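Here's the letter readout for the chains.
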Amino acid sequence: TLGPLVSEAQRDAVCGFIDRAASTQARLATGRCDAPMEEAIEIANGTRCGLHDAVYSADPERAEQVVRRLRSGQVDVNGWKYNPLAPFGGFKQSGWGREFGVHGIHEDTEVQAIQS
């Protein structure tokens, strides 16, 4: 089992080890070396819950492309920055409605129309 690597250079080094092993009689049992961004989105969106995701990238445009495809109530980019004005709540089985921010206020109010 191998988790995230510290840099692209480190990932390339590990992929080089895997490629050299595959050129012999070694068999890759699981995983792969290409960037698994599509697979990561499928895994995240394929769960029953969608409360909170996190995306880390040195490329802000790439991060935003990924964020916009994730189905969760909150997504942090390159670390968590608490914002009390941001609505909080999940998608799917992570809850209905929102807390905090303008959307949270709307959750706790009822609109009444009065004509006279």
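Residues numbered from 1 in each chain as written. Predicted model: local features only at pLDDT ≥ 70, side-chain atom pairs only at ≥ 80, totals over all residues. Heavy atoms only, no water.

Digging into the overall build of the protein
Put simply, the test is: Only DSSP runs of H or I with at least four residues qualify as helices, and only runs of E with at least two residues qualify as strands; both kinds are numbered from the N terminus onward. The buried label applies to any residue whose accessible area, calculated with a 1.4 Å probe on protein chains only, is under 20% of its type's maximum; exposed applies above 50%, and partly exposed to all values in between.
Each helix and strand in the protein was counted, giving four helices and four strands. Mapped from its N terminus to its C terminus, the protein presents α and β elements in the order α-α-β-β-α-β-β-α. Each principal axis of the C-alpha atoms in the protein carries an extent, and together these give about 85 × 25 × 20 Å. Per-residue burial for the protein yields a buried fraction of 16% across its 116 residues.

Examining the nonpolar core
Note the threshold: To define a nonpolar core, start from buried Ala, Val, Leu, Ile, Met, Phe, Trp, Tyr and Cys residues and group those joined through side-chain atoms within 4.5 Å. In what follows, residue pairs with any heavy atoms lying within 4.5 Å of each other are defined as contacts.
I41, V55, A63, V66 and L70 together form the largest nonpolar core, which totals five residues. In this structure, V55 is in contact with A63, V66, V67, L70, V75, D76, V77 and N78, ignoring residues within four places of it in sequence.

Structural notes on the packing of aromatic side chains
Here is the rule we go by: The aromatic pairing rule takes the rings of Phe, Tyr and Trp, using the six-membered ring of Trp, and pairs them if the centres are within 6.5 Å, calling planes under 30 degrees apart stacked, those over 60 edge-to-face and the rest tilted.
Throughout the structure, instances matching the rule amount to one aromatic pair. Between W80 and Y82 the ring centres are 5.7 Å apart and the planes differ by 45°, which places this aromatic pair in the tilted class. The same class applies to W80 and to Y82, which are both exposed.

With respect to the confidence of the model for the protein
Using the following cut-off: Values of pLDDT, which run from 0 to 100, indicate the predictor's confidence residue by residue.
In the predicted model, the protein carries a mean pLDDT of 84, and the fraction of residues at 70 or more is 95%. By mean pLDDT, the top-scoring element of the protein is helix α3 (residues 60-67) (93), and the lowest-scoring one is helix α4 (residues 101-107) (81).

Things to note about the pairing of strand β3 (residues 74-77)
Rule in force here: Only strands that DSSP links by at least two bridges are regarded as paired with each other. Handedness is read with the strands pointing away from the viewer; a crossover is right-handed when the path from the first strand over the helix to the second is clockwise.
Burial along β3 is one-sided: Q74 and D76 are buried, and none of V75 and V77, which face the opposite way, are. Across four bridges, the pairing between strand β2 (residues 52-55) and β3 is parallel. Counted as the bridge partner of V55 is V77 from β3. Viewed along the sheet, the connection from β2 through α3 into β3 turns out right-handed.

Looking at the layout of surface pockets
Put simply, the rule is: Think of a 1 Å grid over just the protein atoms. A cavity is a set of points where a 1.4 Å probe fits yet cannot get out, a pocket is an open set with protein on both sides within 12 Å along at least five of seven lines, and lining residues have an atom within 4 Å of a point. Grid points are joined across faces, edges and corners, and a volume is the space filled by probe spheres set on the points. Any residue that is not Ala, Val, Leu, Ile, Met, Phe, Trp, Tyr, Cys, Pro, Asp, Glu, Lys or Arg is counted as polar, Gly included; the first ten are nonpolar and the last four charged.
Approximately 270 Å³ is the volume found for the second largest pocket. In terms of lining residues, the second largest pocket is bounded by 14 residues, among which Q74, D76, N83, A86 and P87 are the most central. For the lining of the second largest pocket, the element with the highest residue contribution is β3, accounting for three residues. Across the lining of the second largest pocket, the residue classes break down as eight nonpolar, four polar and two charged.

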